[in-house]
Amino acid sequence: MPERERSDKDQKIEEGKRVLNSYAYYTGLGFQMIAVIGVFAFIGHKIDESQASKTPLYTAFFSLAGVFASLYLVIRSVKKNKS
């Protein structure tokens, strides 16, 4: 009996580790998205700043491009992880 209980405990521990690894993985993806969008927005801001434009068109364009790039990276990463 003690071996059976031990096995059940080990299974619960392994399941808990798997859940924590999953949370850590998806949290990392969220931070990756924030970083990519932030870098793209910063590049757009610097271009707007150097062009001395009144409307931040480059910031808007690069921010949107960052959103699409980060979504692409996340989808590719999730597909790769599921395989």
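Above this note sits the structure.
An account of the accompanying structure is given in this report.

What counts, and at which threshold
- Residues numbered from 1 in each chain as written.
- Predicted model: local features only at pLDDT ≥ 70, side-chain atom pairs only at ≥ 80, totals over all residues.
- Heavy atoms only, no water.
- Helix = DSSP H or I, 4+ residues; strand = E, 2+ residues; numbered from the N terminus.
- Rg over C-alpha atoms; globule rule 2.2 N^0.38 Å.
- Buried < 20%, exposed > 50% of the residue type's maximum accessible area, 1.4 Å probe, protein only.
- Lys, Arg positive; Asp, Glu negative; His and termini not counted.
- Charge placed at Lys NZ, Arg CZ, Asp CG, Glu CD.
- Salt bridge = Lys/Arg side-chain N within 4 Å of Asp/Glu carboxyl O.

Digging into the overall build of the protein chain
Scanning the protein chain from terminus to terminus reveals two helices and zero strands. A compact globule built from 83 residues should have a C-alpha radius of gyration of about 12 Å, whereas the protein chain, at 21 Å, is more than 25% larger. Taking the principal axes of its C-alpha atoms as reference, the protein chain extends roughly 75 × 20 × 10 Å. In the protein chain, which comprises 83 residues, the proportion classed as buried is 10%. Computed over 12 positive and 8 negative side-chain charges, the separation of the two mean positions in the protein chain equals 8 Å.

A few points about the pattern of salt bridges
One pass over the full model with this rule turns up one salt bridge. A salt bridge links Lys46 to Glu49, with the nearest nitrogen and oxygen atoms 3.2 Å apart. Of the two residues, Lys46 and Glu49 both sit in helix 1 (residues 2–51), three residues apart, roughly one turn of that helix. On the accessibility criterion, Glu49 (48% relative accessible area) is partly exposed.

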